[in-house]
Every structure is written in structure tokens, then in C-alpha cells.
Amino acid sequence: MARTFMKGSEAVAEAAVRAGCRFFAGYPITPQNEVPEYFSRRLPEVGGNFVQGESEVASINMVYGAASAGVRAMTSSSSPGIALKSEGISYCASARIPIVYTNFARGGPGVGSIQPAQMDYFEATKAAGNGGFQMMVLAPSTVQEAVDLTVKAFELADRDRNPVHILADGVIATMMEPVELPEMMPEEEVQKIREEKKKWACVGHKLDYANRSWIQPGQWQTTVMQKCNEEAAALYESWKENDVMVEEYMVEDAEIILTAYGISGRIAKSSVDILRKQGIKVGLIRPITLNPFPTEAFEKLDYSKVKAILDVEMSIPAQYATDVEAVVRRRCPVEKCLCSGGNVMSREAVLEAVMKLAGQEA
């Protein structure tokens, strides 16, 4: 299919429609406002429904309801808006409802700034809501990757009957790049997916609590709840074997490893190219799935060669670095190159940090 020039937020919305999404509910917040705006125009064209909720809380519960009826449904927001949706997301995880949501993250904490940031890593991977549930968390570094991961997110959500989180940032939301969009899913396929969900979806059949897993947000008997949590834990564990996605770039002979996700990963990769031309052996590990975490990529490094790992992220204090340090287990130093407050990571700061680690003048 021919490439087209699109803003990230709009490209994600179009990819969702082409992946069979037929319901979106959301509430305006910078920098993701173009997502609901695009859906409001596009969904009626394919027989879908767009609702601007009166709040983030209302919107996530509308998505919960639509997905409970078997419809591919989505919402999006930016950092504090996602926090408001956390209870509804937890409900969907408890009820095993497949939803997709995107966080085009901004600075924080609190209302913070409207500029891009990566300060929601803990929220996405550790505590997206109460109860200890987990989700697949996907982190694009380009608009094209955001498109591809949006399509993938709906497939994963339906496969696992579990929420899937696309953690992007304000840069991805607002930048424009050439993208190749997927083919439009035929309406027959959209209906087939919905039909396949009738065995559990809320479509008017007789209740049968003994033999069905229902869409209620919790199993109130403790023995039943424990069983549900055990099944969920087994699902989360299976991701580590089957679903890890990671980019490993020039790591084979690297003496310094940059590691970053999202837009920081993209900046770090360009830094690797510059530093390699200067004869400095640098590589990159960029997680595409933040959960499951790409543990093996760090485990297989030759720590007799690797002098240091440099965490590059737009968060102060560092968040992603915590998982890196846990995997590296002090086999080499984990240094940090950080920015915050809505500042976009500077390539010059990355280059300077690597040169310092390499013992050279910047």
C-alpha cells in the first residue's frame, strides 16, 4: 500500500479503525486531542460509534461496556487522564475484557506540563490500577511503529482477553512521518471477530456462573478470586516466553550499551551511528515491549566486555532504569542520562554522556 504523511495521533486512530475498532470514548487532553477528533469523523464512516464522555472516568467505563458486548473498543489520553481511568482499566482486567488504550504521555506529576515526557513507566508496568494485574505494554519509537503496534494490540487483547497498553509520548503524538497503513479489515471479518466473542460477551444469553467466565468486575468469593488470579498470573508468565519484542542494535562488540524506549530509543539509536563513526563501540537495547521486559537481551551481554550501560529516558527520577538495574544485577555500572519537565532528550547530552564513559572529551 502507498505511504501517506500523517501525524502520529491520527495515524494511531486510523490504524485502529482499519484493525476493526468500532467504538471509541475519550475526553480531550493535550497532547492527544487529535485522537478523539479523528475518531469523531472516521468512525461514523464505517458504522462505528464515537462518544466524547463527560470525563475520563465516564469514557473508560463506556469502553468497558462496548468491549463487554464483543466490540473492538479503544480509548486514549495523556498522563493525568490515564490516572483517572485507572479504576476502569482495573475493572477490565478483573473481568477479562479486551480493550486497547494509548497514553501519549506528558510531564508530571500532577497536571504537570503539556510537553512530552516518559514519566509514566511505573504506572504502565507496575501499577496501572489496583489489584496487581498486568498488561502487555507496547512502546513505539516511530509513527510507523505506533501504527503497527496498534494493530498488534487489538490482536493481543482479543487473544488474552486482557487490556493492552500502548505507551507513547507527546513527540509521537504530534510529529508527522510517512507511514504505510494496513489494509482495511473487511466488515465480514469485523463481524466474525464479534461473533467469536459471543461465548462470553454480554449479548443477552442466559447467565451461567458455573460454566462461564463472566464480564463482572470481580469474583467476590475468595476461593474463586484466587483461582482467577492464578489463571491471570499464568497468562502473564506466558508472555515472557512468547511475546517479548526488542531491538538490539550493534550490541555484538559493544563496550557501552545505550538502553532506552520510545522516542528516547530513537534518539539513542542515532547517537550510536554517530559514535560508531568516531570509533567508539556503542550498541543499543530498545525494548518494544516494556511488559514483558526483554530480560534475555541483557542477560546474554558479555559483561567481560561491557564497561557500562547508559539509561536514556525523559524522567527524573529515573523509572525505566529500575528494571534495567534489576536485570543487570551489578555486573556493570548502570549510568543515567535524564531529562524531565517536558524537555525532549537532547542527542548532544547522550553523546556527551557516552564520551565521558569512554574516557574521551566530548
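Cut-offs and rules
- Residues numbered from 1 in each chain as written.
- Predicted model: local features only at pLDDT ≥ 70, side-chain atom pairs only at ≥ 80, totals over all residues.
- Heavy atoms only, no water.
- Pairing = 2+ DSSP bridges.
- Helix = DSSP H or I, 4+ residues; strand = E, 2+ residues; numbered from the N terminus.
- Axes fitted to C-alpha atoms, helices over the stretch in contact; angles between N-to-C directions.
- Phe/Tyr/Trp six-rings, centres within 6.5 Å; stacked < 30°, edge-to-face > 60°.
- Buried < 20%, exposed > 50% of the residue type's maximum accessible area, 1.4 Å probe, protein only.
- Lys NZ or Arg CZ within 6 Å of the ring centre and 35° of its normal.
- 1 Å grid on protein atoms, 1.4 Å probe; cavity = no way out; pocket = protein on both sides within 12 Å on 5 of 7 lines; lining within 4 Å.
- Points joined across faces, edges and corners; volume = space filled by probe spheres on them.
- Nonpolar A, V, L, I, M, F, W, Y, C, P; charged D, E, K, R; others polar.
- Contact = heavy atoms within 4.5 Å.
- Parallel < 35°, antiparallel > 145°, perpendicular 65-115°, else oblique.
- Left-handed = near helix turned anticlockwise from the far one by under 90°.
- Core = buried A, V, L, I, M, F, W, Y, C linked by side-chain atoms within 4.5 Å.

A. The sheet that holds strand E3 (residues 49–52), seen in detail. Strand order in the open sheet made by the seven strands is E3-E2-E4-E5-E7-E6-E12, with mixed pairing throughout. Each edge of the sheet is formed by a strand with only one pairing partner; in this case those strands are E3 and strand E12 (289–291). Across the sheet, the mean angle from the axis of one strand to that of its neighbour is 20°, orientation sign disregarded. Note that strand E2 (residues 23–26) and strand E4 (residues 73–77) share two bridges and pair parallel. Across the sheet, residue Phe24 finds its bridge partner in E4, namely Met74.

B. Seen up close, the packing of aromatic side chains. All chains considered together, the criterion is met by ten aromatic pairs. Both rings, one in Phe24 and one in Phe39, keep their centres 4.4 Å apart while their planes meet at 15°; by these two values the pair is stacked. With Phe24 in strand E2 and Phe39 in helix H2 (residues 34–42), the pair connects residues that are 15 residues apart, well separated along the chain. Phe24 gets classed as buried once you look at its relative accessible area, which sits at 0%. For Phe39, a relative accessible area of 0% puts it in the buried group. What links up through ring pairs into an aromatic cluster is the set Tyr121, Phe122, Tyr261, Phe293, Phe298 and Tyr320. Residue placement shows Arg161 over the ring face of Trp200; its charged tip is 4.3 Å from the ring centre. Between the NZ or CZ atom of Lys269 and the centre of the ring of Tyr249, over which it lies, the distance is 4.8 Å.

C. Representation of empty space enclosed by the protein within the structure. Using the criterion set out here, one finds two cavities of 30 Å³ or more in the structure. Here the largest cavity defines a volume of roughly 40 Å³. As for the largest cavity, its lining consists of Ala124, Thr125, Lys126, Ala127, Ala128, Phe133, Gln134, Met135, Val137 and Asn291. Reported here for the second largest cavity is a volume of approximately 30 Å³. If you trace the second largest cavity, you find it lined by Ala105, Ala117, Gln118, Met119, Asp120, Tyr121, Leu167, Ala168 and Tyr261. Taken together, the residues of the lining of the second largest cavity sort by class into seven nonpolar, one polar and one charged.

D. Expanded view of the layout of surface pockets. Volume-wise, the second largest pocket comes out at about 300 Å³. In terms of lining residues, the second largest pocket is bounded by 15 residues, among which Gln134, Lys240, Asn291, Pro292 and Phe293 are the most central. Broken down by secondary-structure element, the contributors of at least two residues to the lining of the second largest pocket are helix H10 (222–242) and E12. Per-element accounting of the lining of the second largest pocket gives the leading share, four residues, to H10.

E. Region of interest: the sheet that holds strand E10 (residues 256–259). Reading across from one edge, E9-E11-E10-E13-E14 is the order of the five strands in this open sheet, with mixed pairing throughout. Since the sheet does not close on itself, it has two edges, and those belong to strand E9 (246–249) and strand E14 (334–338), each with one partner. The mean inter-strand angle of the sheet, taken between neighbouring strand axes irrespective of direction, is 20°. Pairing geometry for E10 and strand E13 (residues 308–313), over four bridges, is parallel. Bridge pairing links Leu258 to Leu310 in E13. Contacts from helix H13 (residues 320–328) reach E10, strand E11 (282–287), E13 and E14, with the element oriented near 160° to E13. Helix H14 (residues 347–357) rests against E10, E11, E13 and E14 of the sheet, and its axis sits at about 165° to E13.

F. View of the packing of helix H1 (residues 8–18) against H2. Running from N to C, H1 and H2 cross one another at 40°; their axes reach a closest spacing of 8 Å. Between H1 and H2, the angle falls in the class oblique. For the crossing formed where H1 meets H2, the hand is right-handed. Facing H1, whose interface residues are Ser9, Glu10, Ala13, Glu14, Ala16 and Val17, H2 presents Glu34, Val35, Tyr38, Phe39, Arg41 and Arg42. Classifying every residue of the contact of H1 with H2 gives six nonpolar, one polar and five charged.

G. Expanded view of the nonpolar core. If you look at the biggest cluster of nonpolar residues, it comprises 86 residues, and the most contacted ones within it are Phe39, Met74, Ile97, Ile99, Leu258, Met345 and Val354. The biggest single contributor to this core is helix H7 (residues 143–160), with eight residues. Excluding its chain neighbours within four sequence positions, the residues that come into contact with Met345 are Ser264, Ile267, Val312, Glu313, Met314, Cys337, Leu338, Cys339 and Val350. Within the second largest apolar cluster, 24 residues are counted, among which are Val137, Leu301, Tyr303 and Val327.

H. Structural context of unusual backbone geometry. The amide bond that connects Thr30 to the next residue, Pro31, takes the cis arrangement and shows omega of 10°. Among the secondary structure elements, Pro31 is positioned in the loop between E2 and H2. Look at Arg329: it is not a glycine, yet its phi comes out positive at around 55°.

I. Structural context of the environment of Lys356. Among the secondary structure elements, Lys356 is positioned in helix H14. On the basis of relative accessible area, Lys356 is assigned to the exposed category, the value being 72%.

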